[in-house]
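# Structural characterization, general
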Amino acid sequence: PQAADFSIGRFQMKPSFAEDLERQLQANDSLGKMYNNLLTFKSNDVKAIRTERIKRLGSFKWQLIYLNSFVSIINQKFPDKEFASQADKVSFYAAAYNGGYHKSSKEIETSATLRYYPYGTKYKGKQYSYSDVAVYYFNKTFAPKISNK
């Protein structure tokens, strides 16, 4: 039987996303060492590991660890990527997070413009890109604090 793959927690992470991050970390010696806690499970049984992963995703603390590993992977994948602004960086990371960080830089930038939130690709009314939502939140919440420093 196929395992369920549903969004969990504050950052709406799917078990498949977490598992993919784990694979990326295993394939990279330095990141694997840095995030060894994500690669260590109480059991070697596949079903038990899936159960533990889902439990982890229900925890805000664990989601932050997975999110941090995602950022580390992106930083390592695109070490020379330059951004015109912090908002552009937020847009890029949001697009990679939502649309697939395995894509090329150009594909991620293109996906940042796709407007299918919140109703999906078949809805014809007014929608937004996930990146637009992330940038809006960033601008309202963090940008004023950054500019005042």
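Residues numbered from 1 in each chain as written. Predicted model: local features only at pLDDT ≥ 70, side-chain atom pairs only at ≥ 80, totals over all residues. Heavy atoms only, no water.

## Details of the overall build of the protein chain
Going by this rule: Secondary structure follows DSSP: runs of H or I at least 4 residues long count as helices, runs of E at least 2 residues long count as strands, and numbering of each begins at the N terminus. For the exposure calls, accessible area comes from a 1.4 Å probe over protein chains only, and a residue counts as buried if that area is under 20% of its type's maximum, exposed if over 50%, partly exposed in between. It only takes one pair of heavy atoms within 4.5 Å for two residues to be counted as in contact. Surface accessibility follows the Shrake-Rupley procedure with a 1.4 Å probe radius. Residue values consider only the protein chains on display as shielding. Counted charges follow a simple rule, with Lys and Arg positive, Asp and Glu negative, and His plus the chain ends left uncounted. In this description, the location of a charge corresponds to atom NZ of lysine, CZ of arginine, CG of aspartate or CD of glutamate.
Within the protein chain, the regular secondary structure consists of 9 helices and 0 strands. Counting from the amino terminus, helix and strand elements in the protein chain follow one another as α-α-α-α-α-α-α-α-α. Taken along the three principal axes of its C-alpha coordinates, the protein chain extends 45 × 40 × 30 Å. Out of the 149 residues in the protein chain, the part that is buried amounts to 32%. Of the contacts formed within the protein chain by residues at least 6 apart in sequence, a portion of 53% connects residues at least 24 apart. For the protein chain, the computed accessible surface area is about 9900 Å², with 54% contributed by carbon and sulfur atoms. On the protein chain, the mean spot of the 23 positive side-chain charges and the mean spot of the 13 negative ones are 8 Å from each other.

## A word on the confidence of the model for the protein chain
Just so we agree on the cut-off: Known as pLDDT, the predictor's confidence for each residue is given on a scale from 0 to 100.
Mean pLDDT over the protein chain works out to 92, with 94% of the residues at or above the 70 mark. The spread of mean pLDDT over the elements of the protein chain runs between helix α9 (residues 143-147), the lowest at 66, and helix α5 (residues 60-77), the highest at 97.

## Side note on the nonpolar core
As a reminder, the rule being used: Residues belong to one nonpolar core when they are buried, are Ala, Val, Leu, Ile, Met, Phe, Trp, Tyr or Cys, and are joined through side-chain atoms within 4.5 Å.
In terms of nonpolar packing, the biggest core is built from 24 residues, with Leu 21, Leu 38, Tyr 66, Phe 70, Ile 74 and Tyr 101 touching the most fellow members. Mapped by element, the contributors of at least two residues to this core are α1 (15-26), α5 and α6 (86-99). Element by element, the count of residues in this core is highest for α5, at 6 residues.

## Some words on unusual backbone geometry
Cis rather than trans, the peptide bond between Tyr 117 and Pro 118 has omega equal to 15 degrees. Relative to the helices and strands, Pro 118 is located in the loop between α7 (105-111) and α8 (130-141). Although it is not a glycine, Gln 12 adopts a positive phi angle of roughly 45 degrees. Note that Gln 12 resides in the segment before α1.

## Some thoughts on the pattern of salt bridges
What counts here: Take a side-chain nitrogen of Lys or Arg and a carboxyl oxygen of Asp or Glu: if they are within 4 Å of each other, that pair is a salt bridge.
A complete count under the given rule lists 6 salt bridges for this structure. Here Arg 115 and Asp 132 are joined by a salt bridge, their closest N and O atoms 2.8 Å apart. Of this pair, Arg 115 sits in the loop between α7 and α8 while Asp 132 sits in helix α8, and the two are 17 residues apart along the sequence. Here the salt bridges do not stand alone but share partners, grouping Glu 19, Asp 20 and Arg 23 into one network.

## Some thoughts on the packing of aromatic side chains
Put simply, the rule is: Aromatic rings from Phe, Tyr and Trp, with only the six-membered ring used for Trp, were paired whenever their centres fell within 6.5 Å, and each pair was classed as stacked if the ring planes differed by under 30 degrees, edge-to-face if by over 60, and tilted otherwise. Two limits define a charge over a ring: the Lys NZ or Arg CZ must be within 6 Å of the ring centre, and within 35 degrees of the ring normal.
Applying the stated criterion across every chain, the model contains 15 aromatic pairs. Between Phe 70 and Tyr 97, the aromatic rings sit 5.3 Å apart at their centres with planes inclined by 80 degrees, giving edge-to-face as the arrangement. Taken together, the residues Phe 70 in helix α5 and Tyr 97 in helix α6 connect sequence positions 27 residues apart. By relative accessible area, Phe 70 is classed as buried at 2%. With centroids separated by 6.2 Å and ring planes inclined at 70 degrees, the aromatic side chains of Phe 92 and Tyr 93 adopt a geometry described as edge-to-face. An aromatic cluster is present here, built from Phe 17, Phe 70, Tyr 97 and Tyr 101 joined pairwise through their rings. Above the face of the Phe 60 ring, Arg 10 is positioned so that its terminal group lies 4.4 Å from the ring centre. Sitting over the face of the ring of Trp 62, Arg 56 holds its NZ or CZ atom 4.2 Å from the ring centroid.

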